[in-house]
There are 4 protein chains.
Amino acid sequence: MNDFKYTHRVHFYETDMMGVVHHSNYLRVFEEARMAWMRHKKLHTTHAPHTEISLAVLETSCQHHRPAHLDDILTVYLQVKREGARVRFAYALYSDRYDALVAKGTSTHIPMNRELKACRLPKQIIKQLESEPWNETWPSNL
Amino acid sequence: MNDFKYTHRVHFYETDMMGVVHHSNYLRVFEEARMAWMRHKKLHTTHAPHTEISLAVLETSCQHHRPAHLDDILTVYLQVKREGARVRFAYALYSDRYDALVAKGTSTHIPMNRELKACRLPKQIIKQLESEPWNETWPSNL
Amino acid sequence: MNDFKYTHRVHFYETDMMGVVHHSNYLRVFEEARMAWMRHKKLHTTHAPHTEISLAVLETSCQHHRPAHLDDILTVYLQVKREGARVRFAYALYSDRYDALVAKGTSTHIPMNRELKACRLPKQIIKQLESEPWNETWPSNL
Amino acid sequence: MNDFKYTHRVHFYETDMMGVVHHSNYLRVFEEARMAWMRHKKLHTTHAPHTEISLAVLETSCQHHRPAHLDDILTVYLQVKREGARVRFAYALYSDRYDALVAKGTSTHIPMNRELKACRLPKQIIKQLESEPWNETWPSNL
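Bear in mind the structure is a predicted one, so any value in this text is a computation, not a measurement.

Draft legend 1. Structural context of the sheet that holds strand 1 (residues 5–9) of chain A. Pairing in this open sheet of 10 strands is antiparallel, and the strands run 1(A)-3(A)-4(A)-5(A)-2(A)-2(B)-5(B)-4(B)-3(B)-1(B) from one edge to the other. Edge strands, defined here as strands with exactly one partner in the open sheet, are strand 1 of chain A together with strand 1 (5–9) of chain B. This sheet shows a mean twist of 25° between the axes of neighbouring strands, independent of strand direction. Bridge analysis of strand 3 (residues 73–83) of chain B against strand 4 (residues 86–95) of chain B gives 10 bridges, and the strand direction is antiparallel. Bridge pairing links L74 of chain B to S95 of chain B in strand 4 of chain B. The strands that helix 2 (residues 123–130) of chain B touches are strand 2 (54–64), strand 3 and strand 4 of chain B; relative to strand 3 of chain B, the one it contacts most, it runs at about 105°.

Draft legend 2. A look at the sheet that holds strand 3 (residues 73–83) of chain D. With respect to topology, 10 strands assemble into an open sheet ordered 1(C)-3(C)-4(C)-5(C)-2(C)-2(D)-5(D)-4(D)-3(D)-1(D), the strand pairing being antiparallel. Of all the strands in the sheet, just strand 1 (5–9) of chain C together with strand 1 (5–9) of chain D have a single pairing partner and so form its edges. The sheet shows a mean angle of 25° between the axes of neighbouring strands, direction not considered. Running over the sheet, helix 2 (residues 123–130) of chain C touches strand 2 (54–64), strand 3 (73–83) and strand 4 (86–95) of chain C and is turned about 105° from strand 3 of chain C.

Draft legend 3. Representation of the side chain of T46 of chain C within the structure. Residues and elements named next belong to chain C. Relative to the elements of secondary structure, T46 occurs in the loop between helix 1 (24–40) and strand 2. Given the relative accessible area of 4%, T46 is considered buried. A polar contact is formed between the side chain of T46 and the backbone oxygen of L43, at a distance of 2.5 Å. Ignoring sequence-local partners within four residues, the contact set of T46 consists of M38, T51, I53, P122, Q124 and I125.

Draft legend 4. Up close: the relation of the copies chain A and chain B. For the pair chain A and chain B, the best superposition has an RMSD of 0.0 Å and corresponds to a rotation of 180° with a translation of 0.0 Å parallel to the axis. Interpreted geometrically, this transformation is the action of a two-fold axis. Distance from the rotation axis, computed per C-alpha, reaches its smallest value in chain A at S61 of chain A: 2.1 Å. Looking at the interface residues of chain A, 100% of them are also at the interface in chain B, so both copies use one shared face.

Draft legend 5. Region of the structure containing the relation of the copies chain A and chain D. Each copy superposes on the other: chain A lies on chain D with an RMSD of 0.0 Å after a rotation of 180° and an axial shift of 0.0 Å. Of the interface residues in chain A, 100% have counterparts in chain D that sit at the interface too, so the contact is made through matching surfaces.

Draft legend 6. Here's a closer look at the nonpolar core. Of all hydrophobic cores here, the largest spans 60 residues; its most connected members are Y26, W37 and L93 of chain C together with Y26, W37 and L93 of chain D. Among the nonpolar cores identified, the runner-up in size contains 59 residues, and F30 of chain A together with A36, L43 and L121 of chain B belong to it.

Draft legend 7. Molecular detail of the interface of chain A and chain B. At the junction of the two partners, chain A supplies 25 residues and chain B supplies 25 residues. Three residues, M18, H23 and L116 of chain A, lead the burial of chain A against chain B; their summed loss comes to 26% of the area buried on that side. Run the count over chain A and chain B and you get 0 salt bridges. The tally of links from chain A across to chain B stands at 10 residue pairs in polar contact (both at pLDDT 80 or more). Residue assignment for the side of chain A that touches chain B shows that the elements contributing at least two residues are helix 1 (24–40) and strand 2 (54–64) of chain A. A per-class count over the side of chain A that touches chain B returns 11 nonpolar, 10 polar and 4 charged. As paired elements, strand 2 of chain A and strand 2 of chain B share 5 bridges and run antiparallel to each other. Opposite C62 of chain A, over in strand 2 of chain B, you have T60 of chain B as the bridge partner.

Draft legend 8. Region of interest: the interface of chain A and chain D. Taken together, the contact pairs 15 residues of chain A with 15 residues of chain D. When chain A packs against chain D, the two sides together hide about 1,500 Å² of surface, and 55% of this comes from carbon and sulfur. Along the contact surface separating chain A from chain D lie 2 salt bridges. A salt bridge links D71 of chain A to R39 of chain D, with the nearest nitrogen and oxygen atoms 3.2 Å apart. Of all the secondary structure elements, the ones that give two or more residues to the side of chain A that touches chain D are strand 1 and helix 1 of chain A. Counting residues per element, the side of chain A that touches chain D draws most heavily on helix 1 of chain A, at 5 residues. In the side of chain A that touches chain D, the residues fall into 7 nonpolar, 1 polar and 7 charged.

Parameters at a glance
Residues numbered from 1 in each chain as written. Chains lettered and ligands numbered in written order. Predicted model: local features only at pLDDT ≥ 70, side-chain atom pairs only at ≥ 80, totals over all residues. Heavy atoms only, no water. Pairing = 2+ DSSP bridges. Helix = DSSP H or I, 4+ residues; strand = E, 2+ residues; numbered from the N terminus. Axes fitted to C-alpha atoms, helices over the stretch in contact; angles between N-to-C directions. Contact = heavy atoms within 4.5 Å. Buried < 20%, exposed > 50% of the residue type's maximum accessible area, 1.4 Å probe, protein only. Polar contact = N/O pair within 3.5 Å; in protein donor to acceptor, adjacent residues only side chain to side chain. Least-squares fit on C-alpha atoms with pLDDT ≥ 70 in both. Core = buried A, V, L, I, M, F, W, Y, C linked by side-chain atoms within 4.5 Å. Buried area = accessible area lost by both parts, 1.4 Å probe. Salt bridge = Lys/Arg side-chain N within 4 Å of Asp/Glu carboxyl O. Nonpolar A, V, L, I, M, F, W, Y, C, P; charged D, E, K, R; others polar.

Dropping the structure here:
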């Protein structure tokens with residue numbers, strides 16, 4: 001497993017009238033974790049605004065196991081792999097409230113230029129992805 | 001096919017620095033469509049704040065085919081079916097910009113009470129779902 | 001008074017754990033109303049993405065009189081005036097729940113080009129603003 | 001001056017198609033800072049979900065001096081005072097990009113119970129506010 005993790009405290013504005021984090025906000029926390037991982041691996045300079053490239057979102061999924069509440073400290077673990085011209089992230093989100101899985105998710109990305117045309121994956125990203133572990137049964141083995 | 005559709009004009013605050021609708025907002029537009037369908041079928045009185053029940057989100061997915069831009073008129077079609085104690089929605093989102101599919105998505109829900117415990121599906125919802133068409137190849141047949 | 005009004009149904013994702021619309025979302029509904037007014041007056045072609053100009057936000061304010069709830073139909077009235085190179089909007093937001101004022105707000109804007117440098121107000125906007133009524137005691141006279 | 005400060009890194013989903021942080025998100029970052037200050041002063045246990053009380057928002061304002069961009073590290077300073085039954089916060093937000101003021105803002109709050117009725121300020125809050133400095137010319141003196 002890679003040793004990266006990202007933490008996010010639940011903000012009041014992320015809750016909804018059920019008293020828990022609105023499901024759309026999980027995609028935003030996954031994005032925060034993904035961007036933090038890019039910075040951690042010094043890959044943030046491969047995309048906008050540093051270059052013309054963005055990793056556009058092709059697909060997302062999220063499975064909810066337990067609700068997250070105000071002030072919970074969420075910890076996101078992730079793994080990442082290359083799928084041809086695409087990059088696939090998998091996320092596992094835990095809360096300090098339960099010490100248990102709150103949500104799992106995935107996102108698939110394709111590099112695009114400023115005109116939103118598909119382009120090549122930057123070499124630094126390809127190189128990094130070659131050394132990233134990927135485990136199909138993750139995060140059951142966490 | 002059911003004849004329901006929902007339209008949503010893209011707001012400025014829904015865009016991101018790539019100049020297109022942020023991917024997390026698709027789940028919000030799907031939610032708008034889902035709630036509008038509930039009202040259309042007179043099922044909104046089966047859930048909060050009219051009753052103690054909410055249709056909590058268990059799973060979501062979204063596939064992006066084309067970007068959506070400011071002021072685009074998005075049209076969401078949906079189909080819905082019962083899966084035991086759960087309800088599953090599938091969404092197809094089109095934009096007047098392309099006259100073509102922009103995104104597809106799904107969401108799975110389970111009824112929960114105010115304490116966030118799973119409970120029974122309200123009878124009116126069960127009855128409505130019995131008469132709803134579901135097509136596995138949808139929306140390719142739209 | 002100008003006769004423009006904009007309606008917005010409160011979405012589930014706009015609520016927070018107090019069970020009402022989160023205060024930050026009022027600025028978003030004001031923005032929806034402002035953009036709708038621009039379209040209504042055929043002024044939307046004066047700004048991005050149709051031109052290089054955006055009406056950047058310099059100041060906002062909002063006063064909350066009553067909470068807004070899920071499914072409330074909010075109606076926004078607005079008035080607008082020129083202040084030199086700036087444009088000032090005032091908003092009054094009512095809910096069908098109370099038939100009474102829910103919130104008032106203002107926003108002040110300055111035209112900026114793509115490099116975020118201040119630029120001149122488009123002539124069509126200046127012309128429109130010359131014919132817009134403005135009443136300091138508004139909306140008490142609504 | 002109180003020595004509290006709060007930092008927030010700008011997330012991708014907080015930007016809009018102008019390439020900068022959407023103005024509505026400043027109210028959210030102010031809220032994050034306000035809640036962090038409450039925790040810092042051990043006052044978070046005075047409000048929901050720990051008690052029935054929430055500090056409902058009565059008024060907000062925000063003045064924008066410079067735009068904030070993706071990955072900017074924003075630092076929020078605040079001061080707070082009591083105004084009868086109300087609590088008033090003032091915020092000053094700086095970015096590491098400019099080492100200069102990006103935005104100023106205010107929010108006024110009133111304690112409300114679960115039924116959204118105004119109630120008394122908790123004693124711990126009153127006591128804390130008595131010892132908080134307030135400077136009308138702030139943050140010009142920062």
